[in-house]
Amino acid sequence: MKALKYFSVLIIPFLVYISFTSKGSLTFLPAFFIFGFVPLLEFFIKPNKENFSKDQEKAAKENKFYTYLLYITLPIQLIFLMFFFNAIQEINLTNSEIFGRIFSMGIMCGILGINVGHELGHRKSRLDQFIGEFLLLTSLDTHFLPYHNGGHHFNVATPNDAATARKNELLYTFWIRSHFSSYLQAWKLENKRMNENSRSWFHFQNRMLVYTFCNLLFLSLIFFFFGKTVLIYFIIAAIIGITLLETVNYIEHYGLLRKKNDQERYERVKRNHSWNSDHQVGQVLLFNLSRHSDHHYNGSKHYQLLKTDPESPQMPTGYPGMMLLSFFPPLWFLVMNKSLKKIS
């Protein structure tokens, strides 16, 4: 029964379906839900501070249902991509309705594409990793995995990490710095891996090379079957999905820094190096991503097993509400810089 709550993520494709089949303000229904209804609802629902008992954790770890739920997001994402390619060509759409449908697809890319791709990309199973890569491809963010696993988790909460927001850094400049720096770092990490294995960077085992080819092939197929306009609309939707990811990156580690020891090396990653949120609605919609402190403490732990811990710095509200707050830098700095002072 505990696993069934994660089926609430299917609300997103249901709302996107309404967006793709409606006109007027209903084309923005997924955006109203994520950035309006959910943050409001989380003010009235008590955060979930409970963790599994040892027996419950063992049962949840062995329960494949949690993984199968992640698997079904791939066919859902692919079906809705095809739906989008056709729905965006509907005649007599206003510019506002077109953007509403693009934004809705962007939310699908961010939540089902990148977020689930992130979870599966941490798994040891090659099948899980492949499904994660495919989901990231549908959002044009395949470079995420090499950098996230090989760079972000290693350098998190240090100035060396592209995806850690610095104190007083604007969200809008962070988007650019994080995305493009992580892309370049992904190439460097893969080139280094090839060099260590005595291979040329131009080798089929260089993931960035393969990902680049797949991205170009994917975009070419969209252009060939649906034309230039649909291709542009899809690229905008993917950019929205990537921007949502980078906004999540921004709120997850804002202003947090690991200390250096006597040897000038950074201390190991602890649960106090990520902001945590136990607000339940955003928690289940994002597959426990908001229990981010435990995720960084043990990156291979499956989403259903992530714990809350008293030493983790706590967000004032859930992820959707914090993302909304970050869009207004003066308010964000007012709230979060005070929180930083309390934990310093």
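Residues numbered from 1 in each chain as written. Predicted model: local features only at pLDDT ≥ 70, side-chain atom pairs only at ≥ 80, totals over all residues. Heavy atoms only, no water.

Caption draft 1: Layout of the nonpolar core. Ranked by size, the top nonpolar core spans 77 residues in total, and within it Phe 84, Phe 234, Tyr 250, Tyr 254 and Trp 332 carry the most contacts. Residues Ile 114, Leu 136, Ala 162 and Tyr 211 belong to the second largest nonpolar core, which totals 13 residues. (Core = buried A, V, L, I, M, F, W, Y, C linked by side-chain atoms within 4.5 Å. Buried < 20%, exposed > 50% of the residue type's maximum accessible area, 1.4 Å probe, protein only.)

Caption draft 2: Focus on helix H14 (residues 319-326). Burial within H14 is extensive, with 7 of its 8 residues counted as buried. When H14 is considered as a whole, its buried residues turn out to be Tyr 319, Pro 320, Gly 321, Met 322, Met 323, Leu 325 and Ser 326. Packed against the buried residues of H14 are helix H2 (29-42), helix H9 (171-196), helix H11 (228-253), helix H12 (280-285), helix H13 (292-297) and helix H15 (329-343). (Helix = DSSP H or I, 4+ residues; strand = E, 2+ residues; numbered from the N terminus. Contact = heavy atoms within 4.5 Å.)

Caption draft 3: Highlighting the UniProt feature "domain: Fatty acid desaturase" (unreviewed entry) in the chain. The UniProt record marks residues 103-307 with the feature "domain: Fatty acid desaturase" (unreviewed entry), using the residue numbering of this structure. Along residues 103-307, the helical share is 62% and the strand share 0%, with 32 Å between the first and last C-alpha atoms. (UniProt positions renumbered as here; feature names shortened; annotations may be inferred.)

Caption draft 4: Seen up close, a positive patch on the surface. A cluster of like positive charges, contributed by Lys 167, Lys 338, Lys 341 and Lys 342, occupies part of the molecular surface. Along the chain, Lys 342 falls in helix H15. On the basis of relative accessibility, which here comes to 73%, the residue Lys 342 falls in the exposed class. (Patch = residues over 30% accessible without salt bridge, like charges linked within 9 Å, V, L, I, M, F, W, Y side chains within 5 Å. Areas by Shrake-Rupley, 256 points an atom, 1.4 Å probe, with all protein chains shown as cover. Salt bridge = Lys/Arg side-chain N within 4 Å of Asp/Glu carboxyl O. Lys, Arg positive; Asp, Glu negative; His and termini not counted. Charge placed at Lys NZ, Arg CZ, Asp CG, Glu CD.)

Caption draft 5: View of unusual backbone geometry. Even without being glycine, Leu 140 reaches a positive phi, approximately 55°. Classification of Leu 140 as buried rests on a relative accessible area of 19%. The phi dihedral of Ser 198 is positive, around 55°, even though this residue is not glycine. Residue position: Ser 198 is located in the loop between H9 and helix H10 (207-226).

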